[in-house]
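Residues per chain, in single letters:
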Amino acid sequence: MAKVMTAKVKLQCPGGQATPAPPVGPALGQHGVNIGQFVMQFNERTKEMKGTTIPVEITIYSDRTFEFITKSPPAAVLLKQAAGIAAGSAVPNKTKVGTVTAEQVRKIAETKFQDLNARDLDHACRVIAGTARSMGVEVKG
C-alpha cells in the first residue's frame, strides 16, 4: 500500500544545530512525528553548514513517518556572510551597510541556482544583486 501524505511543513533551522525547541518541536509535534529522530537526521545531513540558516521542507505521511529535503540557504543570509554584516539596512535606498563584489554575487548565484526561478546564471546574478540592493548592500563591479 502506498503512503498517504498528510502534511507538508516548511521550516528554517540552523544547520547542524537544530533542537526540539520551537520552531521544530511545535511544528512537527502537532503531526505526531518523532521530533528527536528528525533533529538527529537534520543535524547529520547539515553538519558541514554549521550555524547557517537552512530551509527544510518536511513531508509527513499518515503512518507518522517523514522525509525531508534541505534547500540552499536564503540569499539574504549568504549576502550578509559575504559582506560581513549582522543585518541589512533599515533604509536601503539611503543607508548602505556593506559591499560585495560581482564575483561574490556570482558565487552566491551558483549556490542558489537550483532554488531560483532563473533561466541562466547571469539572470540568477541579477536576482541576487536585486536582493543585495533591497538589503542596503552595494554591489561593486
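In this text the structure is predicted, and so the values were computed from the model without any measurement. Residue numbers here run from 1 along each chain, matching the order of that chain's written sequence. Residues qualify for local features only when their pLDDT is at least 70, as the model is predicted, and side-chain atom pairs are given and counted only at 80 or more; totals for whole chains, interfaces and linings, by contrast, use all residues. With hydrogens and water excluded, all non-hydrogen atoms of the structure serve as input to the side-chain values.

Draft legend 1. Structural context of helix H2 (residues 35-45). For H2, the complete set of buried residues consists of Phe38, Val39, Phe42 and Asn43. Axial view of H2: buried residues confined to an arc of 120°, hence all on one face. Any pair of residues with heavy atoms lying within 4.5 Å of one another is described as a contacting pair. Labels follow the DSSP assignment, with helices taken as runs of H or I lasting at least four residues and strands as runs of E lasting at least two, numbered in each case from the N terminus. Where H2 is buried, its residues meet strand S1 (5-14), helix H1 (24-29), strand S2 (53-61) and strand S3 (66-70). Polar contacts here mean pairs of N or O atoms no more than 3.5 Å apart (in protein, one a potential hydrogen donor and the other a potential acceptor; neighbouring residues in sequence count only if both atoms are side-chain atoms). In this structure Asn34 caps H2, since a side-chain oxygen of it lies 3.2 Å from the backbone nitrogen of Gly36. Throughout this description, buried means an accessible area under 20% of the type-specific maximum (1.4 Å probe, protein chains only), exposed means over 50%, and partly exposed covers the range between. Think of the arc as the fan of directions from the helix axis to the C-beta atoms.

Draft legend 2. Broad picture of the environment of Met49. Looking at where Met49 falls in the secondary structure, it is placed in the loop between H2 and S2. A relative accessible area of 26% means that Met49 is categorised as partly exposed. With residues up to four places along the chain from it excluded, the contact list for Met49 reads Gly15 and Ile54.

Draft legend 3. Focus on the sheet that holds S1. A pair of strands is treated as paired once DSSP finds two or more bridges between them. The sheet built from 3 strands is open, its strands ordered S1-S2-S3 with antiparallel pairing. Bordering the open sheet on either side are S1 and S3, each of which pairs with just one other strand. Strand after strand, the sheet turns through a mean of 20° between neighbouring axes, direction not considered. Bridging between S2 and S3 involves 5 bridges; their strand directions are antiparallel. Across the sheet, the residue bridging to Ile60 is Phe66, located in S3. Fitted lines through C-alpha atoms give the axes, limited to the stretch in contact for helices. The angle between two N-to-C directions lies from 0 to 180 degrees. Against the sheet, H2 engages S1, S2 and S3, with an angle of about 30° to S3.

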